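The chain contents come next:
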Amino acid sequence: MKLVWTRSAFADRRAVRDYIAQDNPAAALTLDELFAHKAGYLLDHPRLGQLGRASGTRELVAHRNYILVYELAGDQVRVLRVLHSARQWPPQK
């Protein structure tokens, strides 16, 4: 298996890190490392997360406030988004 962070997921991750770093740079780095660590579990256990709310996705709670939304595509685990748990997902049309 190969882990792939999509542009959206990478941008989400950067936005979370930048926001938290305004008040606590060390906590921002720790949380970002946690995202990477939790996503790494998916390489050996790709079905670790629960079925996602968006069709074809799965969701892994990376932290009590953050969820990794991902999909399985062939030999890839594609992280699609990093979302705050209070955020509406999937977006309403």
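Up top you'll find the structure we're talking about.
Residues numbered from 1 in each chain as written. Predicted model: local features only at pLDDT ≥ 70, side-chain atom pairs only at ≥ 80, totals over all residues. Heavy atoms only, no water.

Q: Hey, could you go over the overall build of the protein chain for me, with residue numbers and the actual values?
A: Within the protein chain, the secondary structure is distributed over 2 helices and 5 strands. Of the regular secondary structure in the protein chain, the N- to C-terminal order runs β-α-α-β-β-β-β. For the protein chain, the C-alpha radius of gyration of 13 Å lies close to 12 Å, the compact-globule estimate for 93 residues. Looking at the protein chain residue by residue over its 93 residues, the buried ones come to 33%. (Helix = DSSP H or I, 4+ residues; strand = E, 2+ residues; numbered from the N terminus. Rg over C-alpha atoms; globule rule 2.2 N^0.38 Å. Buried < 20%, exposed > 50% of the residue type's maximum accessible area, 1.4 Å probe, protein only.)

Q: Report on the side chain of Asp32, specifying residues and quantitative values.
A: Note on placement: Asp32 falls in helix α2 (residues 25-44). Here Arg17 takes part through its side chain, which lies 3.5 Å from a polar atom of the side chain of Asp32. When neighbours within four sequence positions are excluded, Asp32 is seen to be in contact with Arg13 and Arg17. (Polar contact = N/O pair within 3.5 Å; in protein donor to acceptor, adjacent residues only side chain to side chain. Contact = heavy atoms within 4.5 Å.)

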